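# A look at the structure
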Amino acid sequence: MKINRLTKYMIVGAVVLSAWSCEDNFLDENMHSQLGPANFYNTEKDAVSALNGVYDGFQDDAYYGRGMWHLVDYPTEMHFGFWNDDFDRYTYEDDENSRLYPFWTKAWDINNRANSVIDRVSAMTIEDESVQSRIIGEAKFLRALNYFNMVRFFGHIPLITNETVELDDNQFMNQTSRDSVYQFIIEDLEFAEANLPEIQEEAGRATMGAAKSLLGKVYLTMAGYALDYETGTLVKGDPAYYQKAADKLKEVIDMNVYGLEENFEDVFDPENPNGKEIVFSIQYLAGTGGFNGGEGNSWTPVWVPKGSGIALVEWKSGGTPIEFFNSYPAGDERRDASFMTSYINSDGATISYPESPLVAPHLRKFLSDIQEGPDPSFSAIDGKDYGCDFPVLRYADVLLMYSEALNELNDPNALWGVNQVRIRAGANPLTTTEKEILKEDILQERKWELTGEAHGWFDYARLGVLLEPQNSNGDRSGYLFPEMRNYLYPIPFTAREINQNLEQNYGW
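Reading the values: rules and limits
Residues numbered from 1 in each chain as written. Predicted model: local features only at pLDDT ≥ 70, side-chain atom pairs only at ≥ 80, totals over all residues. Heavy atoms only, no water. Helix = DSSP H or I, 4+ residues; strand = E, 2+ residues; numbered from the N terminus. Rg over C-alpha atoms; globule rule 2.2 N^0.38 Å. Buried < 20%, exposed > 50% of the residue type's maximum accessible area, 1.4 Å probe, protein only. Contact = heavy atoms within 4.5 Å. Lys, Arg positive; Asp, Glu negative; His and termini not counted. Charge placed at Lys NZ, Arg CZ, Asp CG, Glu CD. Core = buried A, V, L, I, M, F, W, Y, C linked by side-chain atoms within 4.5 Å. Phe/Tyr/Trp six-rings, centres within 6.5 Å; stacked < 30°, edge-to-face > 60°. Lys NZ or Arg CZ within 6 Å of the ring centre and 35° of its normal.

Take the overall build of the chain next. Helices and strands together make up the secondary structure of the chain, namely 19 helices and ten strands. Here the C-alpha atoms of the chain give a radius of gyration of 22 Å, agreeing with the 23 Å that 2.2 N^0.38 yields for 508 residues. Each principal axis of the C-alpha distribution contributes one length, and for the chain these read about 65 × 60 × 45 Å. In the chain, which comprises 508 residues, the proportion classed as buried is 59%. The contacts of the chain with a sequence gap of at least 6 include a subset with a gap of at least 24, amounting to 72%. Computing the positive centroid from 41 side-chain charges and the negative centroid from 80, the chain places the two 3 Å apart.

As a further point, take the nonpolar core. Tyr 64, Phe 141, Tyr 147, Phe 153, Ile 185, Phe 280 and Phe 390 are the most contacted members of the largest nonpolar core, which has 144 residues in total. By residue number, the principal contributor to this core is helix α8 (residues 129-154), which donates 14 residues. Aside from chain neighbours lying at most four places away, what touches Phe 390 is Tyr 64, Trp 69, Phe 280, Ser 281, Ile 282, Tyr 284, Trp 299, Phe 366, Gly 452, Glu 453 and Ala 454.

Moving on, we get to unusual backbone geometry. The amide bond that connects Tyr 353 to the next residue, Pro 354, takes the cis arrangement and shows omega of 5 degrees. Note that Pro 354 resides in the loop between β8 (350-352) and β9 (362-363). In the segment running from Ser 356 into Pro 357, the intervening peptide bond is cis, with an omega of 10 degrees. With respect to the secondary-structure elements, Pro 357 resides in the loop between β8 and β9.

What follows deals with the packing of aromatic side chains. Throughout the structure, instances matching the rule amount to 44 aromatic pairs. Pairing Tyr 63 with Tyr 64 gives two aromatic rings, centres 5.2 Å apart and planes at 40 degrees, and the pair type is tilted. Comparing Tyr 63 with Tyr 64, the two get one shared label, buried. Centre to centre, the rings of Tyr 147 and Phe 184 are 5.9 Å apart; their planes meet at 85 degrees, and the pair counts as edge-to-face. Remark: Phe 184 occurs in helix α9 (residues 178-195) and Tyr 147 occurs in helix α8; sequence separation between them is 37 residues. The burial state of Tyr 147 is the same as that of Phe 184; both residues are buried. A cation sits over an aromatic face here: Arg 152 above Phe 148, 3.7 Å from the ring centre. Positioned above the aromatic ring of Phe 82, the side-chain terminus of Lys 316 is 4.6 Å from the ring centre.

Structure (structure tokens):
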């Protein structure tokens, strides 16, 4: 991946922001100097460094680093965890796993980082006001993305809109209604949309198109289903948001900034970071030693068979059921570009599914440092030192959301977006415009196109189909089918112990 200042300075911003994330004195020691928000935000460079710390938070293992796969992909029929994962088995409870509470704490850490930037930079005097507005716009986009994930996961959450600088600040806040959180997200994204450029000088930063795309996704979600966190009733949103979603997504299309890569696999090519299809992604950088505070990820070890000898570290954390692999239509180029079903080991032998250790297809999209054959030479320094970015928003998603919104509006142009995606994949265009059939077709297309990119559970919840048996691994030995309560994640037990004003979601 190309090194840019955004990635290079992420860790600097993280260190700066962590310096005042907790100001309790654990030892009686005289402090001769201290770096804090009051004496840090002095220059534009300071503001940018702090902003980079907000981006850095999303890289964490608890978030897009690995946590989102557990919370969003594993609970679907498209993926599973090899090691009795609580989330693909639906056996998790409010705090009996290693993913839910870490995500909760990291999400609030990111929120405080963003609040700090917004509050402090708003009070600064920066000569170029457009630069000041851009910095605040990026922070508001990131805060909106974080809140959007939290409100979809947990339903009702506290709405903390200002920096926490003391331990007792914002610690015992009550939850806010889902609608209030969504309105706050919309306000942040509208500000970002108005103050961010179409193209950033530094690749990886939020843009106007990213704000528009996320706003379209927010509107689409608000029009869909959501679980009432008190009664356990599935409630349909306001259908007026379908038109808002369609209009906003059409604005992204009409920008002519984004497009589909000619070949699907080019989207994930580490030599093509931030290509024309990427609207917004979480940036990672190889060669920095991830376990020593570097900027890499651990995705290759997650998706490589243990004992295969094709990666520096092999954890074999997740695989894909052969049934989903076989569901792709004949000739669909996405199947073989998305999944690995064979490799050449260090002895020069070809190992093919279902030969051990390749006992299931493995996600191939993020395998950036596979070294097949004898005498492999790994560029990674350690097991968390890989450079593939995580695509949060890409143009194919925009096109599929646009078709979904138009279909709900009974618009005859609903086929256009989904067929753009299918044609690129080598599949035949869809022809039916019957609303319910096309709705199912678009969801299936989202599965084939976006699998492994943290969309599945969100899509099922929005469309109200989470409990349909074909959308989970519930027919496998030891697995449970999801229940109505699984339309929301539980507020973690430890969080409720700390803040006893938090009310648990239905069914937990």
